Amino acid sequence: TFDESSSSSTGSNNWFVDYEDGVCRQDCYPAGGTSPCEWADNGSLRFYDSSTACCKAALASNNEAACVAASESGSTISTVQTRKWYVSTSGDQPCAMDCNTSS
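Here goes a summary of the coordinates provided. None of these values were measured; they are calculated from a predicted model.

Right, let's talk about the state of the cysteines for a bit. Applying the stated criterion across every chain yields a total of 2 disulfides. The partner cysteine of Cys24 in its disulfide is Cys54, sulfur to sulfur 2.1 Å. Measuring handedness by torsion sign, the sulfur bridge of Cys24 and Cys54 sits at about -90° and is left-handed. Here Cys24 is found in strand β2 (residues 23-27), whereas its partner Cys54 is found in helix α1 (residues 51-58), with 30 residues between them in sequence. By relative accessible area, which is 0% here, Cys54 ends up buried. The partner cysteine of Cys55 in its disulfide is Cys67, sulfur to sulfur 2.0 Å. Handedness of the Cys55-Cys67 disulfide follows from its S-S torsion of about -80°: it is left-handed. Of this pair, Cys55 sits in helix α1 while Cys67 sits in helix α2 (residues 64-73), and the two are 12 residues apart along the sequence. Residue Cys55 is classed as buried on the basis of its relative accessible area of 2%.

Reading the values: rules and limits
- Residues numbered from 1 in each chain as written.
- Predicted model: local features only at pLDDT ≥ 70, side-chain atom pairs only at ≥ 80, totals over all residues.
- Heavy atoms only, no water.
- Disulfide = S-S within 2.5 Å.
- Helix = DSSP H or I, 4+ residues; strand = E, 2+ residues; numbered from the N terminus.
- Buried < 20%, exposed > 50% of the residue type's maximum accessible area, 1.4 Å probe, protein only.

Given below as structure tokens:
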């Protein structure tokens with residue numbers, strides 16, 4: 001069982017890779033459920049000192065800035081807006097920007 005009062009139950013606060021979401025997660029117990037961190041219960045995980053170090057080392061094929069932003073906000077890589085241009089296959093414009101169009 002998880003013991004919230006134990007100091008060893010707070011996690012390392014280091015970062016590990018979440019390959020399913022393409023981001024890094026911080027190893028900590030999310031008190032109150034508001035922190036974008038996860039309890040790393042797998043003893044075979046490799047840990048990094050920062051989200052940047054984790055993204056650079058383990059997810060180098062992703063855009064580093066997008067990886068860090070998603071990691072620190074608790075998002076997935078697909079939900080982070082990079083504000084970069086890409087070739088569009090829909091509409092009458094050949095290019096589109098990856099951003100929130102409602103703002």
